[in-house]
Amino acid sequence: MAPPTLPTSLSPHVCILASADVQQVLEGAGLPPLPEILQCFSPLPQITTRTTSLTSVPHASFALRFSDVVEIENAVHEDEEQRAGRMMDWMGSRISQRCQKWVDMLETPSAEGAKMWRDRTPWWEEVKRCVEGDHVPSSSEGWNHPVSLILAVTTTAANPLQALQDLASRAFDFPPWVDITSLRYFLIIHPSNSPLADPIAEALFNAVKKQYGLHSFLLPLHLPTDPLPAPVPVPALPPRLPTVSSLDSPSLTPQPSGPGASSISPSPTPPPHSASPMPQASRPPPLANRSPDDRPPSPTVHTGSTLRLTQDDIQQIGRFVREFVTMSLVPWMEKCVVEWNENYSSSRRLPSRLFSSTRRLFGASATASSPATPTHGSSPSVSSVTSRFTHGPNSSVSSITSVTSVSTMGGGNVNQQRRLAEFATILGDYKLAISVWETLRKEGRGGSDILPLLSAPSPALALHADHALSTLRGPQPRQGLGFEAPANAQYRALVYAVRWETGIDRQEFLGSTLEGDRWLVKAASSAEEPPTAILYAHAAFLSELKGGRRRAAFWYLIAAEKLEKTGIKPLAMYFFRKAHDLYQNPPPKELSPSFWESEDRSPTQWAGFPSVLPSIEHELGRLLYTTGDTAGAVRFFLALLRPSAQHGQQLHPPQAANGTASPLLPPPSRDKVYLEDFRVAFKHFKATEGDAWKKLGLQLPITLCQAKQTRIRSPGDAVEGDSAAWEKLEQDWAAFWSTRGKEKLGKSGKAAVNETFWVDLVLRNPLDAEVTLSGLTVAVRDASANDAEMNPDFVEVEVIDDVVLGAKDTRTIPVAVKCRRPAALTVTHAVYNFISLLPVTESLAVRGRRLNDTPVQRQGKVYAPDVMIRVEVEEAGQRLHAHFVDDRHLVLAQGEYKHQRVWLTNSGTRPISELWVLAGEEDELWIDGSAADVPEASSSSPPKHELLQTSNSLAPRQPYRVSLEAIHSAPQLAPGEEVQLPFILHAAHHGEQDLSLLIVFRERGDAPFHSTRVTRRYEVRPILKATTSARPSASLDQTYIVNVEVENITGMSNIELKQISTMSASWECSPMFPPSSMVIPPHQVANVSLGARPWTGGAGATETREFVTRKIRAVLQEDPVDPSEPPPLDLSCTHVAPDSDIVPLHTPATRHFIHCGRRTMTAQATAAAHPDIPSRLHRSIFPLYNPATVDVVLFWELPAQKRAGHILLQGPTLGAGHAALRELVQGAQNMKVKRSMYAETLRERAAILEAVRTCEWNREDDPVAVFVKDGMVVEHDFRQGPCHVPVTFTFRNLSLTHPARVTLKLAENPEGDPSSNLLPPSYTGRLTQRKVLQPLESYTTQAKLWATRPGCYALDSWTVETEVGEPPSASASDPQPSAGSAWRSRQLRYLQRPQAGDRACVTVVDVGRLA
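Conventions and cut-offs
Residues numbered from 1 in each chain as written. Predicted model: local features only at pLDDT ≥ 70, side-chain atom pairs only at ≥ 80, totals over all residues. Heavy atoms only, no water. Helix = DSSP H or I, 4+ residues; strand = E, 2+ residues; numbered from the N terminus. Buried < 20%, exposed > 50% of the residue type's maximum accessible area, 1.4 Å probe, protein only. Contact = heavy atoms within 4.5 Å. Areas by Shrake-Rupley, 256 points an atom, 1.4 Å probe, with all protein chains shown as cover. Phe/Tyr/Trp six-rings, centres within 6.5 Å; stacked < 30°, edge-to-face > 60°. Expected span 1.5 Å × (residues − 1). Bend = angle between axes of the 7 residues up to and from the residue. Polar contact = N/O pair within 3.5 Å; in protein donor to acceptor, adjacent residues only side chain to side chain. Axes fitted to C-alpha atoms, helices over the stretch in contact; angles between N-to-C directions. Parallel < 35°, antiparallel > 145°, perpendicular 65-115°, else oblique. Left-handed = near helix turned anticlockwise from the far one by under 90°. Nonpolar A, V, L, I, M, F, W, Y, C, P; charged D, E, K, R; others polar. Pairing = 2+ DSSP bridges. Salt bridge = Lys/Arg side-chain N within 4 Å of Asp/Glu carboxyl O.

Caption draft 1: Just the overall build of the protein chain, in detail. Secondary structure summary: the protein chain contains 32 helices and 49 strands in total. By residue count, 48% of the 1411 residues in the protein chain fall in the buried class. Considering only intrachain contacts with a sequence separation of at least 6, the fraction spanning at least 24 residues in the protein chain is 76%. Accessible area of the protein chain: about 67300 Å², with a carbon and sulfur share of 52%.

Shown next, in the form of structure tokens:
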């Protein structure tokens, strides 16, 4: 380990007491005071010291600090807290005066000396010089306590010897805690103009050596005055805090107390009064050409300090300083270290430590434990000066032996052990120094601040630094409260930080072991002073040097914030810029180039840290505005108006009284603050600078107009409605007419001459603040002209004065445009004034698609030309305006019929003879001019059963062809004529709905089609909650019982069920009870039970199943699906209604509504069950109705409101299913599948197979229903013994197509259920019975129960095994299958037991007891 480099502040402090003639001689020669002259010769090169083990320690540089005793006496009495505060303020004022030149120097690349600040900063150097220039002793450490005292006189005095004696006898005004154990040195200056000759001066010097000892020196100087010597550059002296006037504090000069008292030792004095905090005016600058403290120096390395001395005088003074150090100071310090080390070693021996521990444990008297006050001189005497300064063996040390090792020096923290550690550190005896510093640290007397300078790098040094700082500040308050350490603690922490940064090698200081930059931050803490801000700035600078950019940027921010609070704005702005640059510097991204290509991003694209950068830019803008740079502030504020990366970024949250965030106050918006600052700054700039803002080239960083969503809207286009829905309707029309003709539907983007059309600008405010736009308009040019001007004369464009966009708001603003002649127009830009101040022009062009046609295009990013918004203006020909007659808010009940009318006006110049209407897929409406098609109850007596034929196809309904003759008096709608289009709307789906109608029209049979749009929003509210369920029936009259439960969920109205109709292709329903009027009050439930039995009178059920099987086979085998549709299907309809008020289902309107409702339900269910089969193929694979399903239609009426409607319910699926697609699924699983390189293809195939296996067409059920006759009572006389009780079992095959083999097994001696109070049955006789049931066949058998005693016997302990067989084949001659055909099993088996909770029983009564 290399020897450490000690800071200058840890060098020996030498005080000088000069007589008045010394000052006169130096002033006469144009020289500064003697301490400043001697300071120019420090440090000394090549000094060698010795350790306690007599090991030589070479010092390449040995620094000294010289000061005037009088200045030290005046400064030492000032309160340390007050002095520390003045020191911090003084350094802050120096930084404030010099910071502007520093910033200018660093920001100008060509500035002289700028390259020298690459590894250091001028502000930190200034703080270091101020700290190292502090020479006033402190009670907490002894580095500034005088080590030597030089008494200087000249031979120009009247009596030099007497003058020297007066200096030696002078009492020093030091507080008791100042350690004045020091070396006395006597200096005689012999100038060339002295009245004493050289021999006399030599005799005087010999007399002084004889009287005061060998620590004396005769310094001959020429000091010419005419002419003065040439100035010699010398190092600049460190700045020092101006002293407080001595009038502000009383003198502490001790009075002689007796002949035995020492004239040097301070006597107890009262505490000094607080000195004035204002510094007094100091004397003129001592060094020639030196700038005063109140004026900043030139921003270069050399400050220009000079001395006017000849080379001979310089050599003489240098020889004196070196002789003083090598012959006197160093030997004296080595002797002190040796003797103090002996005392220290003796105090650390075991008996001494035990004695000290005993005294510490059991106590001792205050008199015995208090150390003696140190005295200087072995036999001090005022009257005998000669004997007092007689130099014996120990005369150079002022009574070292009389000072104990535990002396506290009058209440301070500087004792003999600390002075030993300090002297050993100065002399380079680091082994001894570290051991003593460790002892002091363990005793709580300091040392933690010095150990990092002397020890090798290790993690323990960071703990030493933390301990040193924590002992300064004391206990910290709880987190959340503002705390600022006292001024003295702040200053001491700053001193520690300067020493650490200076004394530790930078490479080790910034290494991962120490991380010294963090030490500086901890030393700065939360103080709000400029020097502590410089600590943060230097920590950031060091962190930046070692590559910690993010940490450096954060610390730069803290430093800038603190400097801004103290008013040092130039340096604050510089630190803000540094942090801004560091946060914008992208981190290294070592990624493959393929990553950037796949993500379509540039590797150089880096947005920085959006959560931090806006705050920095805002602070920079505010600082520029307050310093007068309004243009720069406007640029920064404008750049801040960009969307936040994270939603809801806020400034500091509002604080409650206790420091916590208040949930009642909304957090302030950053964007609102930025917008207001930009408005104020830009308005002020325009008011003061006139048109100078045009030269700034200001561009709004956000885009308000959404070009992709901007549309051209003609008078026939609907404003509302989903654009995707309109596009779907146009596609449906194109698909419908493609098989009928070649005429195309004209584009809706064309406008007419002298007709207003609108440019719908979609404006989205990305800011979290309200934005006002004025003068909003669009720029339009003629597309046919090459150099067309914007907004030509034949085009009128609306200008909107005021548009307000809320925070995060999106609005569509229509801008009216009118063209007076046919033309092709291009809408190029949107123009507006942002917040009525900044003109903004935004392009409405959309980037073209990416081209991949050629190899060159595929290798790079090549795009097609930008897509512009174009509108064709033509002569008014085919024009039709449509709107609803009644456009009030419409609220309907679910299933309600609502009559609507659309008003159609021919606003073109040619007649209209053909009219079509298209609606959405889920919209149910009926257009017909005749009133007979309205679904109303028939006045006659229609049958309660009817046959309804349906196409059974999922194909979408075709557009409605409107007959103009039915709604108009003529077959054509002439120009200017109007007509009303009536239709019935069925509100089938609850919730908010949009009724979008696309009306297609043309003039004649071969003319192209045109379209207009109309939309209406309505709300549908549910009024009924209906559910259906089914269960097998034990009666032979019906196979199933279908239960319909209807609940009135309205709160006030009674609902009357006018009719319940059922529809099915395989089942016929009938009411189980005579129908009656059903009025359901609010929140009440009505139940209707219907009996269902098989119906075979219709056609299409078998063909439908075969159609589905055939199409599913093609899907699973990956064969093309032919576009054929399902066969027609006959539905059996049954109506349940009171009296004869029956609504037949075959009326066109009712039949249409039922078909549309059923198609919507089936299409949604099919899409959910088979998402992997394309929806375009659903109509060719799946039918509209499942033959086994029973649908229910509920006709309701609100008599009080004269409202009626119907609700379609998809009822239960009756009958048993036998996995009709099982063979197809198994075949697809075992089929040799084509290999595919895409895993997604295999997953889709597996998903399709699983969907088919679980679909309703592959349903699998147990076809046998078991009924046990319950509640039978048998009377028997048990006096005659036990009896047999008959138990009736009924089995019903619910399958319509397959036979079933049933096996009944009865238990002979079952175990009883402990939780049941019924007796267990004991069956006798034939315990196993078998039967083959044909489709829909029922079978009843009896078993014998052996009753041994009266009671209730449970009818359980039986199992029924069912096996499904294949349907018997039918011959050509006999279409009906024969019952005796050979049994073929379908490999479907089921097992039934009594259901849990079944309480079926038989009661046996003992009549013998009644006799």
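Caption draft 2: Local environment of the packing of aromatic side chains. Evaluation of the coordinates by the stated rule reveals 32 aromatic pairs. A centroid spacing of 5.6 Å and a plane angle of 45° characterise the contact between Trp 733 and Phe 736, whose relative ring orientation is tilted. Here the residue Trp 733 and the residue Phe 736 both occupy positions in helix 26 (residues 723-737), the gap between them amounting to 3 residues, near one helical turn. For the pair formed by Trp 733 and Phe 736, the shared burial category is buried. The interplanar angle of 75° and the centroid separation of 5.0 Å between the aromatic rings of Trp 733 and Phe 1009 together place this pair among those described as edge-to-face. One end of the pair, Trp 733, is in helix 26; the other, Phe 1009, is in the loop between strand 28 (991-1002) and strand 29 (1010-1021), with 276 residues separating them in the sequence.

Caption draft 3: Fine view of helix 4 (residues 80-107). Between its terminal C-alpha atoms helix 4 stretches 39 Å, which fits the 40 Å expected from 28 residues at 1.5 Å a residue. At Arg 98, helix 4 is deflected by roughly 45°, the largest bend along its length. N-cap assignment for helix 4: the residue whose side-chain oxygen lies 3.2 Å from the backbone N of Glu 81 is Asp 79.

Caption draft 4: Representation of the packing of helix 20 (residues 549-566) against helix 21 (residues 569-584). Across the interface, helix 20 lies against helix 21 with an axial gap of 8 Å and an inter-helix angle of 160°. On the basis of the axis angle, helix 20 is roughly antiparallel to helix 21. Crossing geometry of helix 20 relative to helix 21 is assigned as left-handed. On helix 21, the residues that touch Arg 549, Arg 550, Ala 552, Ala 553, Phe 554, Tyr 556, Leu 557, Ala 559, Ala 560, Glu 561, Leu 563 and Glu 564 of helix 20 are Leu 571, Ala 572, Phe 575, Phe 576, Lys 578, Ala 579, Leu 582 and Tyr 583. When grouped by side-chain class, the residues that make up the contact of helix 20 with helix 21 number 15 nonpolar, no polar and 5 charged.

Caption draft 5: Expanded view of the sheet that holds strand 42 (residues 1300-1306). Taken in spatial order, the 4 strands line up as 44-42-47-48 in an open sheet, and their pairing is antiparallel. Looking at strand neighbours, the two that pair on one side only are strand 44 (1328-1333) and strand 48 (1385-1392), the edges of this open sheet. Each adjacent strand pair in this sheet contributes to an overall mean axis angle of 15°, direction not counted. For strand 42 and strand 44, the ladder comprises 6 bridges, and the chain directions are antiparallel. If you follow Lys 1305 over to strand 44, its bridge partner there is Thr 1328.

Caption draft 6: Inspection of the pattern of salt bridges at higher detail. This structure, assessed with the given rule, holds 67 salt bridges. Note that Asp 760 is salt-bridged to Arg 713, the shortest N-O span being 2.9 Å. With Asp 760 in strand 12 (residues 756-764) and Arg 713 in strand 10 (residues 711-713), this residue pair connects regions lying 47 residues apart in the sequence. Judged by its relative accessible area of 10%, Asp 760 falls in the buried class. Between Arg 1002 and Glu 914 there is a salt bridge, and its shortest N-O distance comes to 2.6 Å. Taken together, the positions of Arg 1002 in strand 28 and Glu 914 in strand 23 (residues 914-918) put the pair 88 residues apart, joining distant regions of the chain. Here Arg 1002 falls in the buried class, since its relative accessible area comes to 4%. Residue Glu 914 is classed as buried on the basis of its relative accessible area, which comes to 7%. Here the salt bridges share partners, and the residues they tie into one network are Glu 141, Asp 179, Arg 418, Arg 419, Glu 422, Asp 449, Arg 492 and Arg 499.

Caption draft 7: Molecular detail of the packing of helix 19 (residues 530-545) against helix 20. Between helix 19 and helix 20, whose axes approach to 8 Å, the crossing angle comes to 160°. Of the possible angle classes, the one that applies to helix 19 and helix 20 is roughly antiparallel. Classified by chirality, the crossing of helix 20 by helix 19 is left-handed. Along the contact surface, helix 19 presents Pro 530, Ala 533, Tyr 536, Ala 537, Ala 539, Ala 540, Phe 541, Ser 543 and Glu 544, while helix 20 presents Arg 551, Ala 552, Trp 555, Tyr 556, Ile 558, Ala 559, Lys 562, Leu 563 and Thr 566. Its residues placed into classes, the contact of helix 19 with helix 20 shows 13 nonpolar, 2 polar and 3 charged.

Caption draft 8: The arrangement of the side chain of Gln 490 in detail. By the secondary structure assignment, Gln 490 is in helix 16 (residues 487-503). The contact partners of Gln 490, leaving out residues within four places of it in the chain, are Met 88, Glu 484, Ala 485, Ala 527, Glu 529 and Thr 532.

Caption draft 9: Layout of the environment of His 13. Within the element layout of this structure, His 13 appears in strand 1 (residues 13-18). In sequence terms His 13 and Pro 137 are 124 residues apart; their C-alpha atoms lie 9.5 Å from each other. Beyond its immediate chain neighbours, meaning those up to four positions away, His 13 contacts Arg 65, Ser 67, Ile 72, His 135, Trp 143, Asn 144, His 145, Pro 146, Val 147 and Ser 148. Among the polar contacts made by the side chain of His 13, one reaches the main-chain carbonyl oxygen of Asn 144 at a distance of 2.7 Å.

Caption draft 10: Structural context of the sheet that holds strand 33 (residues 1067-1071). Within the open sheet, the 4 strands sit side by side as 30-31-35-33. Their pairing is antiparallel. Two strands lie at the open edges of the sheet, namely strand 30 (1024-1032) and strand 33, each paired on one side alone. When strand polarity is set aside, the average angle formed by the axes of neighbouring strands in this sheet is 30°. Summarising the sheet, strand 30 and strand 31 (residues 1040-1048) pair through 9 bridges and their orientation is antiparallel. Bridged to Ala 1030 within strand 31 is Val 1042.

Caption draft 11: Focus on unusual backbone geometry. With omega at 10°, the peptide bond leading from Ser 42 into Pro 43 counts as cis. Topologically, Pro 43 is positioned in the loop between helix 2 (34-39) and strand 2 (44-50). Unlike most non-glycine residues, His 1083 shows phi in positive territory, near 60°. Along the chain, the position of His 1083 falls in the loop between strand 34 (1078-1080) and strand 35 (1085-1094). Backbone geometry places Leu 1336, a non-glycine residue, at a positive phi of 65°. Note on placement: Leu 1336 falls in the loop between strand 44 and strand 45 (1338-1347).

Caption draft 12: Representation of the environment of Ala 707 within the structure. Along the chain, Ala 707 falls in the loop between helix 25 (670-689) and strand 10. Residue classification places Ala 707 among the buried positions, given a relative accessible area of 15%. For the pair formed by Ala 707 and Glu 842, sequence separation is 135 residues and the distance between their alpha carbons is 9.1 Å. Excluding residues that lie within four positions of it along the chain, Ala 707 makes contacts with Ser 843, Leu 844, Ala 845 and Val 846.

Caption draft 13: Up close: the environment of Thr 1303. Inspection of the secondary structure assignment puts Thr 1303 in strand 42. Since its relative accessible area comes to 9%, Thr 1303 is described here as buried. Measuring from C-alpha to C-alpha, the distance between Thr 1303 and Glu 1361 comes to 5.0 Å, with 58 residues separating the pair along the chain. Discounting chain neighbours no more than four positions away, the residues touching Thr 1303 are Thr 1328, Gln 1329, Arg 1330, Thr 1359, Val 1360 and Glu 1361.

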